[in-house]
Amino acid sequence: MKKINKYSAVVLFIFSLLLCNLSCEDYLNKAPEADISEKDVFGNFTSFQGFIEQMYNCIMDPDKGGAWNKYMFADETLNNKPYNFDYGNYWGNEAYFYGTNVNVASTNPRDRRIWEWAWYGIRAANLALEKIEEEGLFVGTPEEKNHIKGQALFFRGWFYFEICRFWGGMPYINRVLDPTESLITEEFNRLSFQETAKLMAQDFRAAADILPNHWDVSGPGQATIGHNMDRVNKFYALGYLGKALLYAASPMINEEATGTNAYDPALAKQAAEAFGELLKLADDTGLYKLQSWNTWTDNFRRWNNQKTGGTECIMTPTIYDRGRVRWSALGATVPSSFGLNSGSDADVPTHNYVKNYAMANGLPIDDPASGFNPNDPWTGREPRFYADIAFDGQRIHNSLGDDTYAQLFTGGRHRAVINPPSVTGYYAKRFSGIGPEFTTSLANGLQAYVPYLRLADIYLMYAEAVLFSPNGTPKATSGNYTMTAEQAMNVVRNRAQLPNMSAEYVADNDAFFEEIVRERAVELAFEGNRFCDLRRWNRNGDPRYLDKTAIDFDRGTDGKPINLRERVIVRRVAEKKHNWLPIQVRFTKQYEGFPQNPGW
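Residues numbered from 1 in each chain as written. Predicted model: local features only at pLDDT ≥ 70, side-chain atom pairs only at ≥ 80, totals over all residues. Heavy atoms only, no water.

Engineer: Is there a simple way to explain the overall build of the protein chain in this structure?
Structural biologist: What the protein chain contains, in helices and strands, is 21 helices and twelve strands. When burial is assessed residue by residue, the protein chain has 61% of its 600 residues classed as buried. Taking the contacts inside the protein chain whose residues are at least 6 apart along the sequence as the reference set, 69% of them involve residues at least 24 apart. (Helix = DSSP H or I, 4+ residues; strand = E, 2+ residues; numbered from the N terminus. Buried < 20%, exposed > 50% of the residue type's maximum accessible area, 1.4 Å probe, protein only. Contact = heavy atoms within 4.5 Å.)

Engineer: Explanation requested: the side chain of Glu464 in the structure shown.
Structural biologist: By secondary structure assignment, the location of Glu464 is in helix 16 (residues 455-467). Take Glu464: its relative accessible area is 0%, and that puts it in the buried class. Looking at Glu464, its side chain comes within polar contact range of the side chain of Arg536, at 2.7 Å. (Polar contact = N/O pair within 3.5 Å; in protein donor to acceptor, adjacent residues only side chain to side chain.)

Engineer: I'm lost on helix 19 (residues 509-523) in this one. Help?
Structural biologist: Since the α-helix packs 3.6 residues into each turn, any two residues three or four apart lie on the same face. Here helix 19 contains 15 residues, and its C-alpha end-to-end distance of 21 Å stays within 8% of the 21 Å for a straight helix at 1.5 Å per residue. Across the 15 residues that make up helix 19, a large majority, eleven, are buried. Taken residue by residue, helix 19 has Phe512, Phe513, Glu515, Ile516, Val517, Arg518, Glu519, Arg520, Ala521, Val522 and Glu523 as its buried positions. (Expected span 1.5 Å × (residues − 1).)

Engineer: Help me understand the packing of helix 3 (residues 45-56) against helix 5 (residues 114-132) in this model?
Structural biologist: Axes are the key here: two packed helices are described by the angle between their axes and the distance separating the axes. Here helix 3 crosses helix 5 at 160°, and the two axes come no closer than 9 Å. Looking at the two axes, helix 3 sits roughly antiparallel to helix 5. Pair helix 3 / helix 5 crosses with left-handed handedness. Along the contact surface, helix 3 presents Phe48, Phe51, Ile52, Gln54 and Met55, while helix 5 presents Tyr120, Gly121, Ala124, Ala125, Leu127, Ala128, Lys131 and Ile132. (Axes fitted to C-alpha atoms, helices over the stretch in contact; angles between N-to-C directions. Parallel < 35°, antiparallel > 145°, perpendicular 65-115°, else oblique. Left-handed = near helix turned anticlockwise from the far one by under 90°.)

Engineer: Just checking my understanding: could you explain the packing of aromatic side chains for this structure?
Structural biologist: For any two aromatic rings, the description comes down to two numbers: the centre-to-centre distance and the angle of the planes. All chains considered together, the criterion is met by 52 aromatic pairs. Note on Phe161 and Tyr240: the rings are 5.5 Å apart at their centroids and 70° apart in plane angle, and the pair reads as edge-to-face. Linking Phe161 in helix 6 (residues 142-167) with Tyr240 in helix 8 (residues 234-249), this pair joins segments that are 79 residues apart in sequence. Stacked on the ring of Trp215, the Lys or Arg Arg231 has its end atom at 5.3 Å from the ring centre. Over the ring of Phe385 we find Arg381, and its NZ or CZ is 4.6 Å from the ring centre. (Phe/Tyr/Trp six-rings, centres within 6.5 Å; stacked < 30°, edge-to-face > 60°. Lys NZ or Arg CZ within 6 Å of the ring centre and 35° of its normal.)

Engineer: Quick question: what am I supposed to make of the side chain of Asn579 here?
Structural biologist: Following the sequence through the fold, Asn579 ends up in the loop between strand 12 (561-571) and helix 21 (585-588). You can call Asn579 buried: its relative accessible area is 12%. Once residues within four sequence positions are removed from consideration, Asn579 is found in contact with Met252, Arg535 and Asn538.

Engineer: Got a minute to help me understand helix 6 in this structure?
Structural biologist: Taking 1.5 Å of rise per residue, 26 residues should cover 38 Å, and helix 6 covers 37 Å from first to last C-alpha, within 8% of that figure. Buried residues dominate helix 6, accounting for 21 of its 26 residues. The first or second residue beyond helix 6 is Gly168, which carries a positive phi of 90°.

Engineer: Would you mind showing me how to read the pattern of salt bridges here?
Structural biologist: A side chain of one charge can pair with a side chain of the opposite charge when the charged atoms of the two come close. In this structure the tally under the stated criterion is 48 salt bridges. A salt bridge links Glu312 to Arg454, with the nearest nitrogen and oxygen atoms 2.7 Å apart. Taken together, the residues Glu312 in the loop between strand 4 (301-302) and strand 5 (313-315) and Arg454 in strand 10 (residues 453-454) connect sequence positions 142 residues apart. This pair shows no difference in class: Glu312 is buried, exactly as Arg454 is. By sharing partners, the salt bridges in this structure join Glu312, Glu382, Arg384, Asp388, Arg430, Arg454, Arg495, Glu519, Glu523 and Glu527 into a single network. (Salt bridge = Lys/Arg side-chain N within 4 Å of Asp/Glu carboxyl O.)

Engineer: Explanation requested: the pairing of strand 12 in the structure shown.
Structural biologist: Bridging between strand 11 (residues 547-555) and strand 12 involves eight bridges; their strand directions are antiparallel. Across the sheet, Arg555 pairs through a bridge with Pro561, a residue of strand 12. Remark: five residues form the turn of the hairpin made by strand 11 and strand 12, two consecutive strands paired antiparallel; Gly559 in that turn has positive phi of roughly 85°. (Pairing = 2+ DSSP bridges.)

Engineer: In this structure, what is going on with the environment of Asp63? I would like to understand it.
Structural biologist: Among the secondary structure elements, Asp63 is positioned in the loop between helix 3 and strand 3 (77-78). The exposure class assigned to Asp63 is buried, which follows from its relative accessible area of 12%. C-alpha separation for the pair Asp63 and Tyr96, spaced 33 residues apart in sequence, amounts to 9.9 Å.

Engineer: In this structure, what is going on with unusual backbone geometry? I would like to understand it.
Structural biologist: The omega angle of the peptide bond from Asn419 to Pro420 is 5°, so this bond is cis rather than trans. Note that Pro420 resides in the loop between helix 14 (413-417) and strand 8 (427-428). In this model, Asn305 sits at a positive phi of 60°, which is unusual for a non-glycine residue. Inspection of the secondary structure assignment puts Asn305 in the loop between strand 4 and strand 5. Residue classification places Asn305 among the partly exposed positions, given a relative accessible area of 41%.

Engineer: Looking at this structure, how should I read the packing of helix 5 against helix 6?
Structural biologist: The geometry of helix 5 relative to helix 6 is characterised by a closest axis approach of 8 Å and an angle of 150° between their N-to-C directions. As summarised for this structure, helix 5 and helix 6 are arranged roughly antiparallel, according to the angle between their axes. The handedness of the crossing between helix 5 and helix 6 is left-handed. Contacts between helix 5 and helix 6 involve Ile114, Trp115, Trp117, Ala118, Trp119, Gly121, Ile122, Ala125, Asn126, Ala128, Leu129 and Ile132 from the first element and Lys145, Ile148, Lys149, Ala152, Leu153, Arg156, Phe159, Tyr160, Glu162, Ile163, Phe166 and Trp167 from the second. When its residues are assigned to classes, the contact of helix 5 with helix 6 shows 18 nonpolar, two polar and four charged. (Nonpolar A, V, L, I, M, F, W, Y, C, P; charged D, E, K, R; others polar.)

Engineer: Even after reading the chapter, I still don't get the environment of Phe553, so can you show me in this structure?
Structural biologist: Relative to the helices and strands, Phe553 resides in strand 11. Residue classification places Phe553 among the buried positions, given a relative accessible area of 0%. With 143 residues separating them in the primary sequence, Phe553 and Thr410 have C-alpha atoms 5.6 Å apart. Among residues more than four places away in sequence, those in contact with Phe553 are Trp378, Asp392, Leu408, Phe409, Thr410, Arg415, Pro561, Ile562, Asn563, Leu564 and Arg565.

Engineer: Just checking my understanding: could you explain the confidence of the model for the protein chain for this structure?
Structural biologist: Low pLDDT means the predicted coordinates in that region are not meant to be read closely. Mean pLDDT over the protein chain stands at 90; residues scoring 70 or higher make up 90%. Below a pLDDT of 50 lies the segment residues 1-33, which in the model reaches 82 contacts outside its immediate sequence neighbourhood of four places, other chains included. The low-confidence segment residues 323-327 (pLDDT under 50) makes 18 contacts with residues lying over four places distant or belonging to another chain. (pLDDT = per-residue confidence, 0-100.)

Below you can see the structure in the form of structure tokens.
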């Protein structure tokens, strides 16, 4: 019988280099010198699932790769140090995207990177899909086989999605490659994102058709019942089926593929149907539902080392070392004077981004009927504003002397005295939890994770996909789900204690889409969606999103701001070439047919 030897592992990058001959002993805890047969590894459900587990370990935690990374590359935040991306230097954050060796046994979330780990995961998925079909190798029930195959199909599509949303289309390798075979064939030529996404969609569709609704309600999941929240299921596959198709339909990506700077209605329709299928399944099963407003922050953070996500988050990063969570969530987002490993960075919300938050009546602040007072900008805003944004005078600590209340006016303690200060006049709360209850003791038990996919995002993507489907309007549905695009938006707004959309924003498709853009900015703030959204909408270089600003002001005798003035700190550089990140030069020289992205 064929053997797999630990010391025969071949680590290759970019197909020839990134085709790891996987070391199964790492997952079966065998001695280094032991030989393991393929039957030992792939012969039954338990051992095969052990092989699958390494793909979960390849999921990057967006906020922890390389420690305190700036994973928000658009107009959301500023730092006391310039962001390379703001100056158009997309080479400048290579340490976030590229790493070195892949060690799936590592429990350190800081060593995960997208590029190497995703290619590794694709190779592992292809090997799993080959072995599950190999005659006479796997012995198990049809349900067990579907669990294995479904996970592998999902991960192949998902790792491709992670690569392609930053670097664009890639060759879609759906088989195990021999390290000695030539790559100079049509099979290995780069595809457009749209072409690659259609192949991702095939994998996501196939996965959705055979995965369980949830492992807790499946036979193979009974051995780990109650601990299956993070295992890939049908909702994962349907969510990313819709997301891949919506991205493929979007203007920038459609323009790259067809020359038309507009949505592809047919792909938008397919995306809407995938989201509709997921939402109907959620309604029918009750397995996923929006958190209540009172527990909304459970999507992002919890105290006392409790798990985040609740009933709303479909996919979150794999949890490795809980001890590193506090460093990443608090390290660069709370005042350095809190003494919580704050280091030398201060990532804070920009004033331009804060303006996306509506008034309590649900109207955007630039609507004349909203009641917004530019001389009293933090009064009467919507609940998510107060949940997300710390501004001058707010209590940001339970009791810490001069640091109990935010002093963010010009020249104030948190604006000019501590080092580093807030450069914009704000702090972010979503993942740090600063506020009246915040203490060092609580912070020591903080768990905070950036979700990859949650139900609120599905509702908003459903509304967008329906709107741009053939004959789409805010009153239209996907056809397989009865909810209209307008109703989907209102579900998310109502949870945030806002009224339904005003009639003027529903009567016009363009106005409705602008509300989708704004609603995504608020509901998904600081979750890493904005950079991809602006790019896929062909708005990364739109002047409306280029200026990153601060709010300068003095504090009046009544504690209110006076002499307010908005100040541009930096104007982002975003040209056509910034649609995609540059690929490291060493990878573009591996073989013909794998060129650098345009402009780089």
